[in-house]
Amino acid sequence: MRMNKDGNYLHYKNYTGSVFFSEEDAVFHGKVIGIKALISFEGDSVNAITADFHKAVDEYLKFCITKGKEPEKPFKGSFNVRISADLHRKLAISANARGVSLNTLVEEAILRTVNI
């Protein structure tokens, strides 16, 4: 499990799972993020939640094969953002002035925000 400034996450087969701790239940729990399907997991230790996360992802992939369904790909690199028309206009003008696409300008702003 990796811990960073944004929280705790597990990674397996290109899937990312959030990790939370319930003091009341004395259990770690989480779900796979970045896809519509609900894949949840839990455990009473780091090793247990990691194992259950791997098992949950493997079961999801096996279910998709059984049903002849393509598994969802997390974080496809495409998402919709709703902003005001005025901000959209300002971004488009700024992108044009810099000689880059609107997507490039937004990607650069996001990269600065997440410090990559």
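Position labels on residues start from 1 in each chain and follow its written sequence. Since the coordinates come from a predicted model, pLDDT governs what is reported: local features require at least 70, and pairs of side-chain atoms require 80 or more to be given and counted, while whole-chain, interface and lining totals use all residues. Just so you know, side-chain values use all the structure's heavy atoms and leave hydrogens and water out.

1. Comments concerning the pairing of strand β3 (residues 15-22)
Stage number 1. Each residue is assigned to one of three classes by its accessible area relative to the maximum for its type, calculated with a 1.4 Å probe on protein chains only: buried under 20%, partly exposed between the two thresholds, exposed over 50%. Helix numbers and strand numbers start at the N terminus; a helix is a DSSP run of H or I with at least 4 residues, a strand a run of E with at least 2. Within β3, six of the eight residues are buried, which leaves it mostly tucked inside the rest of the structure.
Stage number 2. When DSSP finds at least two bridges between two strands, those strands are taken to pair. The pairing of β3 with strand β4 (residues 27-33) spans five bridges and is classified as antiparallel. The residue bridging Ser22 from the neighbouring strand is Val27, located in β4.

2. Thoughts on the environment of Phe20
Stage number 1. The residue Phe20 is located in strand β3 in this model.
Stage number 2. Sequence separation between Phe20 and Gly30 is 10 residues; the distance between their C-alpha atoms is 6.0 Å.
Stage number 3. By definition in these notes, contact holds between two residues if any of their heavy atoms fall within 4.5 Å. Other than its neighbours up to four places away in sequence, Phe20 contacts Val27, Phe28 and His29.

3. Considering the packing of aromatic side chains
Stage number 1. Within 6.5 Å between ring centres, the rings of Phe, Tyr and Trp (the latter by its six-membered ring) count as paired, and their orientation is classed by plane angle as stacked under 30 degrees, edge-to-face over 60, tilted in between. Tallying each qualifying case throughout the model produces four aromatic pairs.
Stage number 2. Judged by centre distance (6.4 Å) and plane angle (65°), the ring pair of Tyr12 and Phe53 falls under edge-to-face. With Tyr12 in strand β2 (residues 7-12) and Phe53 in helix α1 (residues 46-67), this pair connects stretches of sequence that are 41 residues apart.
Stage number 3. On the basis of relative accessible area, Phe53 is assigned to the buried category, the value being 0%.
Stage number 4. Relative to Phe28, the ring of Phe21 lies with its centre 5.0 Å away and its plane at 55°, an arrangement referred to as tilted.
Stage number 5. Through successive ring pairs, a cluster of aromatic residues spans Tyr12, Phe41 and Phe53.

Purely geometric numbers; function is a separate question.
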